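# Chain and residue survey
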Amino acid sequence: MNPAEIVKKISEKFSEEVLWFVCFRDECSIVLKKEKVKEILRYLKNTPGLEFDYLVDLTAVDYLGFREPRFDVVYHLTSIKHRHRIRVKAQVPEKDCCIDSVTDLWATANWFERECFDMFGIHFNGHPDLRRILMPEDWKGFPLRKDYPVRSDLGDGEWETYKELKETAKAWKENAE
Amino acid sequence: MQNNDIKVKELTVNMGPQHPATHGVLRLVLELEGEVIKKCIPHIGYLHRGIEKLSEDLTYVQSLPLTDRIDYLSSMVNNVGFCVAVEKLMGIEVPERAKFIRTMMAEMARICSHLVWIATHALDIGAMTVFLYAMRDREELLEMFEMVSGARLTVSYPRVGGVRCDINNRFLDKLYNFIEKFPKKVEEYETLINRNRIWLKRTKGVGVITAQEAINWGLTGPTLRGSGVYYDVRKFFPYDAYEKVDFDVPVGKNGDVYDRYRCRMLEFRQSARIIKQCIEKLPEGPILADNALRIRMPESPLKIDKKDIIFEIYIEDKQIQEFIQKFTEVYASVEAPRGELGFYIVCDDSSKPYRMRVRAPSFVHAGVLPKLCEGSLVADVIANIGSIDIVLGECDR
């Protein structure tokens, strides 16, 4: 099915939830309110004719200073059976920074959501194991947010955990001697 | 002695991050009961360099070398993927010759990457000889990369809008000779392991993934096709010159380690076929589009035609309209040796990407390790890691 047709079909069925949709270079993205995003994704996955069985990617984008609500959680879906693609975006505000997890629809979402949480601090309700994945567990801040600096603000200082680690290693070495 | 006297104790084993069979810095915490794995927890992130964050601070041209470092065994494909995404974003039409050259290079990178895979995978399982054979042949390909780009691994050869420099007949002759001989060499590897009893015992029926599971877990590439699912980005959403060449996509049946191995072995031959066609069909002409991005970019190089952005209904608010016109986004993916490598770029009309997301196949594949390993034996962990073919540089980005 043509992506534009899919988008129209969804916006007719869920007219309350759909905010707008955009087509650019033969790709269509549909922007939703976050409350019923799981219901709509389940509809996309299970409806004959759509059958988006493969979650390609799940990520987020931070529009700090450009828009309120601040975050977009972006789902890229593909149907291997019908060979079509679509992009679904759900708006997440900073104050109530959470959205429903889709791990029970697509198992892939497990690690994607963990990464999203790690990088943006967005909570996924109902996720079985929401921990940091790429950054160390005691890391402060969320690196891919726009207010997180590219350069470290520590200056010449060292990351605290690294300092502790060095001290433990030193103590261990002295003990061994 | 009665059975009751035997004490049972669960053992936690830390496999990695410095374990030769984990192909990088993957750490697996295994909870064992005897030889059987009860629980497997992968820990990644040891190679996290923040490529996504860094690229927000660099221009599109400057981001290109970063993509080399995503999957360092097939950097050519990463470059192509990034270029395809940026070209799609800006509406740059690539000249035919450049398209064919890029297809050729991408397939060379696929052969290169699969050679490293068969080398290390066989070595892990215990077939030493294949390693030496495969590395010998990879060397020839790396030399050819050096001929065109000056680098062996981090090539940065494709450019947004084409390729860096033209290829000459000397290179083409060399490549043609290699490709002519290559299918025989693949047979050579196969004679070493195909009917090796140890190899068969360690791969057949190990790490079985059904087709439905494979799709649900988001697997791509030969790992997915080993389970019998026909999905290949080159066929489904063609890019570059893949529409103009003839090739098959090998598909497995049982979804075990052996079928994934077979898929990759058959892909060797298909890649050789594609390269051969590319050499034969290679057209004359320019290698860089006229409106390609240059290294010295003006402040705002993008001229995305606002007419391309189609939005209907629901929008009355002026602010939202402006917002939609400001932030344009594309997702483009290529078939990397490991699976679907996707780039999602959000652009804000400046010379830097507002957000660049890399959808890495290895990241997804590493995520299924617990499901693959739980309930199997410790020795099969090695075979499983090898068969899903992860590169940790790509996994952590």
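Residues numbered from 1 in each chain as written. Chains lettered and ligands numbered in written order. Predicted model: local features only at pLDDT ≥ 70, side-chain atom pairs only at ≥ 80, totals over all residues.

### Examining the environment of P183(B)
All names here are of chain B. On the secondary structure map, P183 appears in helix 6 (residues 169-193). What makes P183 partly exposed here is the crowd of 13 C-beta atoms within 10 Å. Distance in space between the C-alpha atoms of P183 and M265 is 9.9 Å, their sequence separation being 82 residues. In contact with P183, not counting residues within four places along its chain, are R269 and A272. (Helix = DSSP H or I, 4+ residues; strand = E, 2+ residues; numbered from the N terminus. Buried ≥ 20, exposed ≤ 12 C-beta atoms within 10 Å, placed from the backbone. Contact = placed C-beta atoms within 7 Å.)

### A few points about the packing of helix 4 (residues 96-125) of chain B against helix 15 (residues 378-388) of chain B
All names here are of chain B. Put simply, helix 4 and helix 15 touch, their axes get as near as 9 Å, and they point 175° apart. Between helix 4 and helix 15, the interaxial angle falls into the category roughly antiparallel. Of the residues in helix 15, those in contact with T120, H121, D124 and I125 of helix 4 are I382, A383, G386 and S387. Grouping the amino acids of the contact of helix 4 with helix 15 by side-chain chemistry returns three nonpolar, four polar and one charged. (Axes fitted to C-alpha atoms, helices over the stretch in contact; angles between N-to-C directions. Parallel < 35°, antiparallel > 145°, perpendicular 65-115°, else oblique. Nonpolar A, V, L, I, M, F, W, Y, C, P; charged D, E, K, R; others polar.)

### Side note on the nonpolar core
All names here are of chain B. Ranked by internal contacts, the top residues of the largest apolar core, which has 153 residues, are M76, A85, V86 and I345. Residue contributions to this core peak at 16 residues, all from helix 4. In this structure, V86 is in contact with Y60, V160 and I345, ignoring residues within four places of it in sequence. (Core = buried A, V, L, I, M, F, W, Y, C linked by C-beta atoms within 7 Å.)

### Describing the domain arrangement of chain B
All names here are of chain B. Entries for chain B in the domain assignment read domain 1 (3-42) and domain 2 (50-396). The leading source of residues in the side of domain 1 that touches domain 2 is strand 3 (residues 36-43), at six residues. Across the side of domain 1 that touches domain 2, the residue classes break down as ten nonpolar, three polar and two charged. (Domains from an automatic or database assignment.)

### Quick look at the interface of chain B and chain A
If you look at the interface, chain B gives 37 residues, while chain A gives 33 residues. Element by element, the count of residues in the side of chain B that touches chain A is highest for strand 8 (residues 339-347) of chain B, at four residues. Taken together, the residues of the side of chain B that touches chain A sort by class into 19 nonpolar, eight polar and ten charged.

### Quick look at the sheet that holds strand 2 (residues 27-33) of chain B
Two modes of strand pairing occur in sheets, parallel and antiparallel, and in both the strands are linked by backbone hydrogen bonds. All names here are of chain B. Strand order in this open sheet of three strands is 1-2-3, and the pairing throughout is antiparallel. A strand with exactly one partner marks an edge of an open sheet, and here the two such strands are strand 1 (11-15) and strand 3. Strand-to-strand twist across the sheet, computed as the mean angle between neighbouring axes with direction ignored, equals 20°. Of the strand pairs in this sheet, strand 1 and strand 2 are connected by five bridges, and their pairing is antiparallel. When the bridges of strand 2 are listed, T12 appears paired with E31. (Pairing = 2+ DSSP bridges.)

### Let's talk about the pairing of strand 8 of chain B
Residues and elements named next belong to chain B. When you tally the buried positions in strand 8, you get nine out of nine residues, the bulk of the element. The sheet contact formed by strand 7 (residues 328-336) and strand 8 spans nine bridges and is antiparallel. The residue of strand 8 that forms the bridge with V330 is I345. Connecting strand 7 to the antiparallel partner strand 8 that follows it, the hairpin turn spans two residues. In this sheet, strand 9 (residues 353-359) lies alongside strand 8 in antiparallel orientation, the contact comprising six bridges. Bridging across to strand 9, V346 finds its partner in R355. As consecutive antiparallel partners, strand 8 and strand 9 are separated by five residues, and within that stretch D349 has a phi angle of approximately 70°, a positive value.

### Things to note about helix 4 of chain B
Given a rise of 1.5 Å per residue, 30 residues ought to cover 44 Å, and the 43 Å separating the end C-alpha atoms of helix 4 of chain B matches this to within 8%. The buried fraction of helix 4 of chain B is high, at 26 of 30 residues. (Expected span 1.5 Å × (residues − 1).)

### Section: unusual backbone geometry
Of note, the bond from E68(A) into P69(A) is cis; its omega dihedral lies within 30 degrees of zero at -5°. Structurally, P69(A) can be placed in the loop between strand 3 (54-62) and strand 4 (71-79). Positive phi outside glycine occurs at E51(A), with the angle close to 45°. Counting through the fold element by element, E51(A) comes out in the loop between helix 2 (37-46) and strand 3. In this structure E51(A) comes out as partly exposed when scored by C-beta crowding, with 16 C-beta atoms within 10 Å. One non-glycine residue, D240(B), lies in the positive phi region at around 45°. On the secondary structure map, D240(B) appears in the loop between helix 10 (233-236) and helix 11 (257-281). Classification of D240(B) as buried rests on a count of 24 C-beta atoms within 10 Å.

### Thoughts on helix 6 of chain B
Residues and elements named next belong to chain B. When the terminal C-alpha atoms of helix 6 are compared, their 36 Å separation across 25 residues agrees well with the 36 Å that a helix rising 1.5 Å per residue should span. Considering bend angle alone, the principal kink of helix 6 is centred on F182 and spans about 40°; proline P183 follows within four residues of it. Within helix 6, the full set of buried residues consists of L175, I179, F182, V186, Y189 and I193. Its buried side turned inward, helix 6 meets helix 4, helix 5 (128-149), helix 7 (197-203) and helix 11. (Bend = angle between axes of the 7 residues up to and from the residue.)

### Here we look at the confidence of the model for chain B
Averaged over every residue, the pLDDT of chain B is 85; residues scoring 70 or more account for 92%. Two numbers describe this predicted complex: its pTM, 0.87, and its ipTM, 0.85. (pLDDT = per-residue confidence, 0-100.)

### As for the sheet that holds strand 7 of chain B
All names here are of chain B. The strand order 7-8-9 describes an open sheet built from three strands, whose pairing is antiparallel. Two strands bound the open sheet, and with one partner strand each, they are strand 7 and strand 9. The sheet shows a mean angle of 15° between the axes of neighbouring strands, taken without regard to direction. Helix-sheet contacts for helix 3 (residues 75-90) involve strand 7 and strand 8, and the interaxial angle to strand 7 is about 150°.

### Details of the environment of E188(B)
Position of E188(B) relative to the elements: it lies in helix 6. Taking the C-alpha atoms as reference points, E188(B) and V130(B), 58 residues apart in sequence, are found 9.0 Å from one another.

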